[in-house]
Amino acid sequence: MKTVNPERSSPPQADGLGYQRLGQHEMPTMQIVDRGLIFDASAVEAPLRVCSFTSLLRLSSGTLLASFRRGSAKDSADGNVVVCESTDEGASWSVISEGFESTFEGLAGEIRSTELAELDDGRLLAVEGWVDRSGGSGVLRDAETDAMPSMHILQDYSNDGGRTWGQRRVLKRDAVLSGPVMRLPGRGWLATSEFSHPGTPDRERFHGAYAHFSADGETFEAMVDVVDEDPDIFFYDQRQKVCPRTGRPVAMYWTYDNRAEADIEMHMAWGDAETLTWQTPRSMGLAGQITMPIPLEDGRLLAFYVHRHEPGSLRLIGSADEGLTWDTENELVVYSSSGAGEQGISDETTYDEFWEAMGTWSFGHPTVAVLGDGSLLLAYYAGADESCLGVHWARVEV
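The structure reproduced in this document is the subject of the present report. (Residues numbered from 1 in each chain as written. Predicted model: local features only at pLDDT ≥ 70, side-chain atom pairs only at ≥ 80, totals over all residues. Heavy atoms only, no water.)

## Details of the sheet that holds strand β26 (residues 332-336)
Sheet architecture is open: four strands sit in the order β22-β23-β24-β26, paired in antiparallel fashion. Each having just a single partner strand, β22 (291-295) and β26 make up the two edges of the open sheet. Strand-to-strand twist of the sheet, defined as the mean angle between neighbouring strand axes without regard to direction, takes the value 15°. Strand direction decides the pairing type here: β22 and strand β23 (residues 301-307), joined by five bridges, are antiparallel. (Pairing = 2+ DSSP bridges. Helix = DSSP H or I, 4+ residues; strand = E, 2+ residues; numbered from the N terminus. Axes fitted to C-alpha atoms, helices over the stretch in contact; angles between N-to-C directions.)

Encoded structure:
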């Protein structure tokens, strides 16, 4: 079995993680046992045939909920988030909600992404990324001025399993939702966000990653920094999951070298659920973009990630030592792109090119739910090109 050892990483503080480390020979083989569609975009009439920003939640009842953005383009003013339901462990799906209220404080807007959580009283919490579209433009960023519309994180609640939503609150203004809402055992819920801070005469441009804690799923405390302010390295699209054995969160990042104007290896960091602090991110030694961590009961750590460079694909890889090394020999290709080659991560990419490329990518946003038998349900968006993107699922035995 071949493993990769991150060249630029320093060992994490393994003491206290609570794992019985597995030997590399104990890594089981992963295999896809079934696959299908959560939402078939090709079966609906134009223009709302472009899906992205996928998310999954498994309720205590076993019901699965999938949420995803649907619009006429990847960047468009008509985007909103659809919620689908499965009561048979992901084998079949039905749409139960066509969208959230997109007007906020009297302004027309877009619900760009949504992450769902189940509260103690059975209600559902939706944490939503809202974008001001009152100007009518479908462009998210002005390349000439680097300006973007106002973006806020909102909360809505459902008493009927996700069919209707209301009781809106504001979680954080001037922030972008970045990953799943996590349940911290015995403590509450943790939402994550990010924000690109423009440069000023006193400070260079940097990209921040943040966490927001709530003990009751209603009121969220002031945000905390997940990474230190760094104008050299940008930690994008943090995705965090809580280890079912230790209760510790683990974060993974798509990582960009701002000076070199190029993506570098994905990074990761373990955190502490009590203090809400995280280790300094370290390289995973793997080239990729958005990455969903999957810590398992048996001590393994998996990563479901976007392999944007050739061959374009979505891949699942495992580690038996908390992410110190990765089993590249048994990496599982979950999805292979059949479309034209997309902008890769091996070439230098200017900041403007980076933003332009995101609107053309035809697959991405990996997410996961652990099923009752311990298998994984993986979800992502994909299509032949950016004009028609559906939401796919694959069931993997691990």
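## Digging into the layout of surface pockets
Taken as a whole, the largest pocket spans an internal volume of roughly 950 Å³. If you go around the largest pocket, you meet 32 residues; those closest to its centre are Arg58, Arg183, Lys241, Val242 and Val370. Those elements that provide at least two residues to the lining of the largest pocket are β3 (50-58), β7 (109-118), β12 (182-184), β16 (233-242), β22 and β27 (363-370). For the lining of the largest pocket, the element with the highest residue contribution is β7, accounting for four residues. A class-by-class count of the residues in the lining of the largest pocket yields 21 nonpolar, two polar and nine charged. (1 Å grid on protein atoms, 1.4 Å probe; cavity = no way out; pocket = protein on both sides within 12 Å on 5 of 7 lines; lining within 4 Å. Points joined across faces, edges and corners; volume = space filled by probe spheres on them. Nonpolar A, V, L, I, M, F, W, Y, C, P; charged D, E, K, R; others polar.)

## With respect to the sheet that holds strand β9 (residues 151-158)
Reading across from one edge, β7-β8-β9-β10 is the order of the four strands in this open sheet, with antiparallel pairing throughout. Of all the strands in the sheet, the pair left with one neighbour each is β7 and β10 (166-173). Each strand axis lies, on average, 25° off the axis of its neighbour in the sheet, ignoring direction. Examined bridge by bridge, β7 and strand β8 (residues 124-132) share nine bridges and lie antiparallel to one another. Paired with serine 113 across the two strands is glycine 129, which belongs to β8.

## Comments concerning the nonpolar core
Judged by nonpolar contacts, the single largest core of 30 residues is most densely connected at Ile294, Leu302, Phe304, Leu316, Val334, Leu376 and Leu378. When residues in this core are grouped by element, the largest group, five residues, is from strand β28 (residues 376-385). Not counting the four nearest positions on each side in its chain, leucine 316 is found in contact with Met30, Ile294, Leu302, Ala303, Phe304, Glu331, Leu332, Val334, Leu376, Leu378 and Val396. (Core = buried A, V, L, I, M, F, W, Y, C linked by side-chain atoms within 4.5 Å. Buried < 20%, exposed > 50% of the residue type's maximum accessible area, 1.4 Å probe, protein only. Contact = heavy atoms within 4.5 Å.)

## Topic: the side chain of glutamate 218
Following the sequence through the fold, glutamate 218 ends up in the loop between β14 (206-214) and β15 (224-225). For glutamate 218, the side chain forms a polar contact with the side chain of arginine 169, separated by 2.9 Å. Apart from residues lying up to four places away in sequence, glutamate 218 is in contact with Arg123, Gln155, Tyr157 and Arg169. (Polar contact = N/O pair within 3.5 Å; in protein donor to acceptor, adjacent residues only side chain to side chain.)

## Some words on unusual backbone geometry
With omega at 10°, the peptide bond leading from alanine 46 into proline 47 counts as cis. Its place among the elements puts proline 47 in the loop between β2 (31-39) and β3. In this chain, glutamate 310 is followed by proline 311 through a cis amide linkage whose omega measures -5°. For proline 311, the position within the fold is in the loop between β23 and β24 (313-319). Although it is not a glycine, leucine 276 sits at a positive phi angle of roughly 50°. Structurally, the position occupied by leucine 276 is in the loop between β19 (267-272) and β20 (277-278). Exposure remark for leucine 276: the relative accessible area of 13% places this residue in the buried category.

## Considerations on the environment of aspartate 160
Mapped onto the fold, aspartate 160 is located in the loop between β9 and β10. Under the relative-accessibility criterion, aspartate 160 is labelled partly exposed at 29%. For the pair aspartate 160 and leucine 124, spaced 36 residues apart in the sequence, the C-alpha separation amounts to 8.3 Å. Separated by 2.8 Å, the side chains of aspartate 160 and serine 158 make a polar contact.

## Describing the pairing of β19
Among the six residues of β19, five are classified as buried, and the element is accordingly described as predominantly covered. Where strand β17 (residues 249-257) and β19 come together, four bridges link them in antiparallel fashion. Bridging across to β19, valine 250 finds its partner in tryptophan 270. Of the strand pairs in this sheet, β19 and strand β21 (residues 282-283) are connected by two bridges, and their pairing is antiparallel. Paired with histidine 267 across the bridge in β21 is serine 283. Here β19 runs beside β20; their pairing, made up of two bridges, is antiparallel. Pairing of glycine 271 across the sheet is with tryptophan 278, part of β20. Hairpin connection between β19 and β20: a loop of four residues separates the two successive antiparallel strands, and leucine 276 in this loop has a positive phi of roughly 50°.

## Section: the packing of aromatic side chains
The description of two aromatic rings rests on the distance between their centres and on the angle between their planes. Scanning the model with the defined rule gives 12 aromatic pairs in all. Taking the centre distance of 5.4 Å and the plane angle of 45° together, the rings of phenylalanine 39 and phenylalanine 68 count as tilted. You can see phenylalanine 39 sitting in strand β2 and its partner phenylalanine 68 sitting in strand β4 (residues 64-71), a full 29 residues away along the chain. The exposure class assigned to phenylalanine 39 is buried, which follows from its relative accessible area of 9%. Taken together, the ring pairs in this structure connect Phe234, Tyr236, Trp254, Tyr256 and Trp361 into an aromatic cluster. When the ring centre of phenylalanine 213 is taken as origin, the NZ or CZ atom of arginine 187, which lies over that ring, is 4.4 Å away. (Phe/Tyr/Trp six-rings, centres within 6.5 Å; stacked < 30°, edge-to-face > 60°. Lys NZ or Arg CZ within 6 Å of the ring centre and 35° of its normal.)

## A few points about the pairing of β3
Here β3 lies mainly inside the structure; seven of its nine residues are buried. Across seven bridges, β3 lies against β4 in antiparallel orientation. Counted as the bridge partner of leucine 57 is leucine 65 from β4. Hairpin connection, β3 to β4: the antiparallel pair is bridged by five residues, and glycine 62 has positive phi, about 100°.

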